Amino acid sequence: MEPDLHELLRSLRVWDPRATDLPAFDPAAAPAEPLPLFTRWFAEAVAAGQAEPHTMSLATADARGLPDVRIVMLHGADEDGWSFATHAHSRKGGHLAARPYAALAFYWPVLGRQVRVRGPVAAAPAEEAQADLHARSTGALAAALTGRQSAVLGSAQELARASEAAWERARRAPDTPAPSWTLYRLRADEVEFFQGEARRRHVRLRYRRGTEGWVRESLWP
């Protein structure tokens, strides 16, 4: 018998106190810019044992404006923006070529926190993309060298052969370039921090880029 999805959904709860701590968050004490607060929250998620805190949802839109979303890994965040990487010929690479704007979402349930980021996206110089790739694991390089991301796959055997060849090449020549591998940077126009609260009085702080710097605004939950 198949499970009843609606019964399962009704049985679930969020932020079980046995697994989740909901820290207090005072927006008045937040820094003037979003990056220091993001860095602090990221470090606190790591310290709290959040699994894979560096994963994030990346939302893009195609040339017709139809949205798409997937999970990717954060490669860095600094004054130049939030960074992630993919092949230029992948679906998300094609979306960003047509509409160079995206949104990111981080969710750290162990602390009941979310961070949302929106803004224009630009490709970093090719040498930075290659340096970023080669600073990562052999598996990351092998995956990048396997190629043809988002293309239709003929068979599992075809993928296995390409993957084995890519792993061998990555081990033998760890500085092998992957020309289509692209490092993207999202320069935030807006960053929102969400802190869950047990009585559902959630705290939302939005940073919005203005003409003279960042504007901070509290939002209704």
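Look up a bit, the structure's there.
The residue numbering used here restarts from 1 in each chain and proceeds along that chain's sequence as written. Where local features are concerned, this predicted model is filtered to residues with pLDDT of at least 70; where side-chain atom pairs are given and counted, the filter is 80 or more; whole-chain, interface and lining totals use all residues. For side-chain calculations, the full set of non-hydrogen atoms in the structure is used, while hydrogens and water are omitted.

## Topic: the nonpolar core
Line of reasoning, step 1. W82, F106, V115, V191 and F193 are the most contacted members of the largest nonpolar core, which totals 29 residues.
Line of reasoning, step 2. Comment: elements are numbered from the N terminus, with helices defined as DSSP H or I runs of at least four residues and strands as E runs of at least two. For this core, the secondary-structure elements that each account for two or more residues are α2 (34-47), β1 (55-61), β4 (81-87), β5 (101-108), β6 (113-123), β7 (181-186), β8 (190-195) and β9 (203-210).
Line of reasoning, step 3. Sorting elements by how many residues they give to this core places α2 first, with five residues.
Line of reasoning, step 4. Any two residues whose heavy atoms approach within 4.5 Å are treated as being in contact. Setting aside anything within four residues of it in sequence, one finds V191 in contact with P34, W82, V115, R116, V117, L205, R206, Y207 and W214. What makes a nonpolar core is a set of buried Ala, Val, Leu, Ile, Met, Phe, Trp, Tyr and Cys residues whose side-chain atoms join them at distances within 4.5 Å. Buried means the residue's accessible area, taken with a 1.4 Å probe over protein chains only, is under 20% of the maximum for its type, while exposed means over 50%, and partly exposed covers the values in between.

## Some details on the pairing of β9
Line of reasoning, step 1. In terms of strand pairing, β8 meets β9 through six bridges, oriented antiparallel. Note on β9: the bridge partner recorded for V191 is Y207.
Line of reasoning, step 2. Pairing between strands requires that DSSP locate at least two bridges from one strand to the other. In the sheet, β9 pairs with strand β10 (residues 213-219) via seven bridges, with the strands oriented antiparallel. The partner of R209 across the bridge, within β10, is W214.
Line of reasoning, step 3. Between β9 and β10, which pair antiparallel one after the other, the connecting turn spans two residues.

## Examining the packing of aromatic side chains
Line of reasoning, step 1. The pairing test for Phe, Tyr and Trp rings, Trp by its six-membered ring, is centres within 6.5 Å, and the orientation test on the planes gives stacked under 30 degrees, edge-to-face over 60, and tilted for anything in between. Under the definition given, this model contains 12 aromatic pairs.
Line of reasoning, step 2. With 5.2 Å between their ring centres and 85° between their planes, W41 and F193 make a pair best called edge-to-face. Here W41, found in helix α2, pairs with F193, found in strand β8; they are 152 residues apart in sequence, far enough to count as distant. Neither residue differs from the other here; W41 and F193 are each classed as buried.

## Things to note about the layout of surface pockets
Line of reasoning, step 1. Here a cavity denotes grid points, spaced 1 Å and computed from the protein atoms alone, that fit a 1.4 Å probe unable to get out, and a pocket denotes an open set having protein on both sides within 12 Å along at least 5 of 7 lines; residues with an atom within 4 Å of a point are the lining. Grid points are joined across faces, edges and corners, and a volume is the space filled by probe spheres set on the points. Looking at the largest pocket, its volume works out to about 260 Å³.
Line of reasoning, step 2. Forming the boundary of the largest pocket are 16 residues, of which A85, A143, A144, Q149 and W181 lie nearest the centre.
Line of reasoning, step 3. Listing elements by their share of the lining of the largest pocket, those giving two or more residues are β2 (67-73), β4 and α5 (138-146).
Line of reasoning, step 4. For the lining of the largest pocket, the element with the highest residue contribution is α5, accounting for four residues.
Line of reasoning, step 5. Following the grouping adopted for this structure description, the nonpolar residues are Ala, Val, Leu, Ile, Met, Phe, Trp, Tyr, Cys and Pro, the charged ones are Asp, Glu, Lys and Arg, and the polar ones are all others, Gly among them. By residue class, the composition of the lining of the largest pocket is eight nonpolar, six polar and two charged.

## A short note on the pattern of salt bridges
Where charged atoms from two side chains of opposite charge come close, those side chains can pair.
Line of reasoning, step 1. We define a salt bridge as a side-chain nitrogen of Lys or Arg found within 4 Å of a carboxyl oxygen belonging to Asp or Glu. One pass over the structure, following the stated rule, counts 14 salt bridges.
Line of reasoning, step 2. For R185, the salt bridge identified is with E128, shortest N-O distance 2.6 Å. On the criterion of sequence distance, the pair formed by R185 in strand β7 and E128 in helix α4 (residues 126-134) is long-range, its members being 57 residues apart.
Line of reasoning, step 3. You can call E128 partly exposed: its relative accessible area is 32%.

## Here we look at unusual backbone geometry
Line of reasoning, step 1. Unlike most non-glycine residues, W15 shows phi in positive territory, near 55°.
Line of reasoning, step 2. Within the fold, W15 resides in the loop between α1 (5-11) and α2.
Line of reasoning, step 3. On the basis of relative accessible area, W15 is assigned to the buried category, the value being 16%.

## Looking at the pairing of β6
Line of reasoning, step 1. Bridge analysis of β5 against β6 gives eight bridges, and the strand direction is antiparallel. Bridge pairing in β6 places Y101 opposite P120.
Line of reasoning, step 2. From the end of β5 to the start of β6, which pair antiparallel, there are four residues, and G112 there has a positive phi angle of about 65°.
Line of reasoning, step 3. Bridging between β6 and β8 involves six bridges; their strand directions are antiparallel. Residue pairing across strands places Q114 opposite F194, the latter belonging to β8.
Line of reasoning, step 4. Note that β6 and β7 share three bridges and pair antiparallel. Residue V121 lies in a different strand from β7, and its bridge partner there is L186.

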